[in-house]
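Inside the fold
The lines below spell out each chain.
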Amino acid sequence: MASFGLMQRTVHCPQPLVEERSSLVAGCSGRGLPVIQRQRRGVCSATNGVQRGRVLRRTAASPDVVSFVDPNDIRKPAAAAAGPTVDKVGVLLLNLGGPEKLEDVKPFLYNLFADPEIIRLPAAAQFLQPLLATIISTLRAPKSAEGYEAIGGGSPLRRITDEQAEALAQSLRAKGQPANVYVGMRYWHPYTEEALEHIKADGVTRLVILPLYPQFSISTSGSSLRLLESLFKSDRALKSLRHTVIPSWYQRRGYVSAMADLIVEELRKFRDVPSVELFFSAHGVPKSYVEEAGDPYKEEMEECVRLIMAEVKQRGFANTHTLAYQSRVGPAEWLKPYTDESIKELGQRGVKSLLAVPISFVSEHIETLEEIDMEYRELAEESGIRNWGRVPALNTNTAFINDLADAVMEALPYVGCLAGPTDSLVPLGDLEMLLQAYDRERRTLPSPVVMWEWGWTKSAETWNGRIAMIAIIIILALEAASGQSILKNLFLAE
Ligand SMILES: C=CC1=C(C)c2cc3[nH]c(cc4nc(cc5[nH]c(cc1n2)c(C)c5CCC(=O)O)C(CCC(=O)O)=C4C)c(C)c3C=C
Ligand SMILES: [Fe+2]
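We now turn to the structure provided with this report. Predicted model only: the values in this text are computed from it and were never measured.

Focus: the overall build of the chain
On a plain count of helices and strands, the chain comes out with 18 helices and 14 strands. The proportion of buried residues among the 494 residues of the chain is 58%. Contacts spanning at least 24 positions in sequence make up 81% of the contacts within the chain whose residues lie at least 6 apart.

Details of the pairing of strand β12 (residues 321–326)
In terms of burial, β12 is a largely internal element, 5 of the 6 residues being buried. As paired elements, strand β11 (residues 277–283) and β12 share 6 bridges and run parallel to each other. For H283, the partnering residue across the bridge sits in β12 and is Q326.

Re the site of ligand 1
Around ligand 1, 27 residues are found, and the nearest of them are R140, S144, Y148, S155 and I366. Y148 has a polar side-chain atom sitting 2.6 Å from an oxygen atom of ligand 1. Alone, ligand 1 offers 800 Å² of accessible surface; in the complex the protein occludes 97% of this. Broken down by element, the residue count for the shell around ligand 1 peaks at 4 residues, all from helix α4 (residues 105–113). Of the residues belonging to the shell around ligand 1, the class tally is 15 nonpolar, 10 polar and 2 charged.

Focus: the nonpolar core
Ranked by size, the top nonpolar core spans 65 residues in total, and within it L168, Y255, I263, F280 and I359 carry the most contacts. Of the residues forming this core, the biggest block, 9 residues, is contributed by helix α10 (residues 253–267). Composition of this core by domain shows at least three residues from each of domain 1 (89–100 + 155–249 + 398–437) and domain 2 (253–390). If near-sequence neighbours (up to four positions away) are discounted, I359 is found in contact with P214, Q215, Y255, M259, F280, S281, A282, M301, C304, V305 and I308. Core analysis: the second largest hydrophobic core is formed by 24 residues, F113, Y191, V329 and W334 among them.

Definitions and limits used
- Residue numbers here run from 1 along each chain, matching the order of that chain's written sequence.
- Just so you know, chain letters begin at A and ligand numbers begin at 1, following the order they were written in.
- With pLDDT at 70 or above as the cut-off, local features in this predicted model cover only qualifying residues; side-chain atom pairs require 80 or more to be listed or tallied, and sums for whole chains, interfaces and linings still use all residues.
- Side-chain figures throughout are based on the complete set of non-hydrogen atoms in the structure, without hydrogens or water.
- Strands here mean DSSP runs of E at least two residues long; helices mean DSSP runs of H or I at least four residues long; both are numbered from the N terminus.
- Here the term buried applies to any residue with accessible area under 20% of the maximum for its type, exposed to any over 50%, and partly exposed to those in between, with areas from a 1.4 Å probe on protein chains only.
- By definition in these notes, contact holds between two residues if any of their heavy atoms fall within 4.5 Å.
- DSSP-based pairing: two strands are paired if at least 2 bridges between them are found.
- Nearness here has a simple test: a residue counts as near a molecule or strand if at least one of its heavy atoms is within 4 Å of that partner.
- Polar contact criterion, stated in full: a pair of N or O atoms within 3.5 Å, where within protein one must be able to donate a hydrogen and the other to accept it, and residues adjacent in sequence count only if both atoms are side-chain atoms.
- Per-residue and other accessible areas were derived by the Shrake-Rupley procedure at a 1.4 Å probe size, with only the shown protein chains allowed to occlude residues.
- Side-chain classes are defined by residue name, with Ala, Val, Leu, Ile, Met, Phe, Trp, Tyr, Cys and Pro counting as nonpolar, Asp, Glu, Lys and Arg as charged, and the others, Gly among them, as polar.
- Put simply, a nonpolar core is a bunch of buried Ala, Val, Leu, Ile, Met, Phe, Trp, Tyr and Cys residues held in one set by side-chain atoms that sit within 4.5 Å of each other.
- Residue ranges assigned to the domains are those given by an automatic or database domain assignment.

Next comes the structure, spelled out in structure tokens:
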């Protein structure tokens, strides 16, 4: 596995470092300042206490959170740096976005497949990305549209995310921390760019960036953060906006407990509760993201499930569980076990009752409403599973939203602590650091959709790109001539 230094070795953390906590509580004064947090509970992921010159330290807000601090990166505390300006707090919720009407499906898919974090081509072939995105979105659109039609003609994601934003603003107000909450979607309206325009127009002075994905993945939070980084770099006003990022929060007690509440509530609806298999279905990612680029997603997912199961057990339920990965797109290998294969296998093993728990996402969306509720439910029935249940997404669950509000308040003291004349999104290279932790070399990833990686030298890479381009032109020409879709079977394999 390449370039995944932060996650490679773990050391057990001693008890909270009390002296350091107090200096950090006081609004980032002291020697070094807390920045992006690679969070672990009980166990910290660290090499040996120092990571590329950065000191690992517990944060004030969360004693079980470890921050990376570069002792050379000392800037003024946020309060002092703010001067006399009126403090206006903003929270930017990052999400994926979804087509609201059937006509939106194709352009939405184009945006998704044009994202280099979804299909990362070799350098020499990057100019092909728009062409590929056009081809793939055109081929995928009918199948996707069928799914969106089955759930009422569009994605509920925008509505639910807006409701979450409103609920979060209310919760923050109730906790004595008023804030404007903005929604920035990656692939559909309201786009991240639009949210940033509002943030500037409203005169926000401190911004907390909160991806609505509990676990970090290159393809989700990573993609949104990379986009933000480039937008911040190219805008003078944004460059000086003090901000911090909460990269993932799957291990927060409030989130884990809210998930356990929902699971237990659904479990109790079964007649024979102990026999129910808890079936965590996570969104998949290509295996190469994890194994070649060091995406922490799989590790965070497994830990998340472990924490939720521990909480469920503590509440007196000793049910067995399975974690599987759904929604594979294209022919490349994704994280295993696949949800469909797992369901069949459970059926063969004689499981008769199954409670599906969607785990990668906190809103209802096409993959819960169509894939799980319709496709997997049918498959479960065919596999002999007679009793089926599904845990709802958290949406605006009060305990969950209150926990997000706590996360924002815990992050606020760190906003802008290290902001200085730097180009990086989070103070002084910490987005860089976060992204480098899994993706230092920005290696070419075998695309989830098409693959032609067989070179390993610069010139081979160039030739791969050229050959790929020629191949695509030939395929397009053949398609045009024959009127038949040659690529279709590839992309619609799932
Ligand atoms: C092709 C690669 C894809 C990767 C990698 C991927 C990762 C990933 N996605 C989510 C959450 C969502 N995905 C949604 C839609 C969606 N995602 C892909 C492809 C990849 N996702 C496609 C092609 C689509 C469109 C729908 C379809 O055709 O299947 C959505 C939006 C759902 C909605 O209601 O509109 C979400 C949410 C996660 C969490 C994730 C990796 C961890
Ligand atoms: Fe997806």
